[in-house]
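# Observations on chain architecture
Residue strings, one per chain:
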Amino acid sequence: MPRVKYRDADVDLMARMMRAEAEGEGKQGMLYVGNVIVNRAVADCLDFKDVRTIEDVLFQIQGGNYSFEAVQKGDLFYQRARSTEKRLAKQNIDNWRQHPAKYSLWYFNPYAACPPTWYNQPFTGQFKNHCFYEPAAGTCASVYNG
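Keep in mind it's a predicted model, so treat the numbers as computed, not measured.

For the rest of this paragraph, the subject is the side chain of Glu85. In this structure, Glu85 sits in helix H5 (residues 83-93). The contact partners of Glu85, leaving out residues within four places of it in the chain, are Ala15, Arg19 and Met30.

Below, the structure is given as structure tokens:
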């Protein structure tokens, strides 16, 4: 059973974002980005109380900007999704989760060492250039569901 309800269009959107955000980090890096996308749709806490779908997550605006930079700046996001990325997106939706992004709600590329926290959220690990962060203990039990 999928972790989040989805349509074919959601798989396509998610595949495009995974590629735009992590193509240089290979399939594994794209899967980790996919973990964060699905986790945000599942989480009913913190900054993600009003996002329930893949589309909501990808087009969420926080602080006047899209949560995912690729929406406003990413040429790759606006290219057609390839079958490889669609398969990876479907894996994430169907329950593929793995450390360091297994329960992560955030990631970023600091172009330096990963800080121990990101907006007071603990560092869970790094894959290539991306640092991953999950919610602080006791702040978001819903991300651990499914």
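Once the structure has been displayed, the description carries forward.
Once that is clear, we can look at the pairing of strand E6 (residues 130-133). Walk down a regular strand and you will see the side chains alternate between the two sheet faces. Side-chain alternation along E6 places His130 and Phe132 on one buried face and Cys131 and Tyr133 on a second face that is also buried. In this sheet, E6 lies alongside strand E5 (residues 121-127) in antiparallel orientation, the contact comprising four bridges. Note that in E6 the partner of Gly125 across the bridge is Phe132. Connecting E5 to the antiparallel partner E6 that follows it, the hairpin turn spans two residues, and Lys128 within it adopts a positive phi of roughly 50 degrees.

Let us look at the nonpolar core. Of all hydrophobic cores here, the largest spans 45 residues; its most connected members are Met14, Met17, Met18, Ile37, Phe68 and Leu105. Listed by contribution, the elements that provide at least two residues to this core are helix H1 (8-22), helix H2 (26-42), helix H3 (54-58), helix H4 (69-73), H5, strand E3 (106-108) and E6. Per-element tally for this core: the top contributor is H2, with nine residues. Met14 has contacts with Gly34, Ile37, Val38, Ile54, Leu58, Ala89, Asn92 and Ile93, leaving out every residue within four places of it along the chain.

Moving on: the pattern of salt bridges. In this structure the tally under the stated criterion is 10 salt bridges. Residue Glu55 pairs with Arg7 through a salt bridge whose shortest N-O separation is 3.2 Å. Within this pair, whereas Glu55 is found in helix H3, its partner Arg7 is found in the segment before H1, the two being separated by 48 residues in sequence. Given the relative accessible area of 37%, Glu55 is considered partly exposed. By relative accessible area, Arg7 is classed as partly exposed at 45%. The partner of Arg82 in a salt bridge is Glu85, with the nearest N and O atoms 2.8 Å apart. Under the relative-accessibility criterion, Arg82 is labelled partly exposed at 36%. Three or more residues joined by partner-sharing salt bridges are found here, namely Arg19, Glu23, Arg82 and Glu85.

Basis of the calculations
Residues numbered from 1 in each chain as written. Predicted model: local features only at pLDDT ≥ 70, side-chain atom pairs only at ≥ 80, totals over all residues. Heavy atoms only, no water. Helix = DSSP H or I, 4+ residues; strand = E, 2+ residues; numbered from the N terminus. Contact = heavy atoms within 4.5 Å. Buried < 20%, exposed > 50% of the residue type's maximum accessible area, 1.4 Å probe, protein only. Pairing = 2+ DSSP bridges. Core = buried A, V, L, I, M, F, W, Y, C linked by side-chain atoms within 4.5 Å. Salt bridge = Lys/Arg side-chain N within 4 Å of Asp/Glu carboxyl O.

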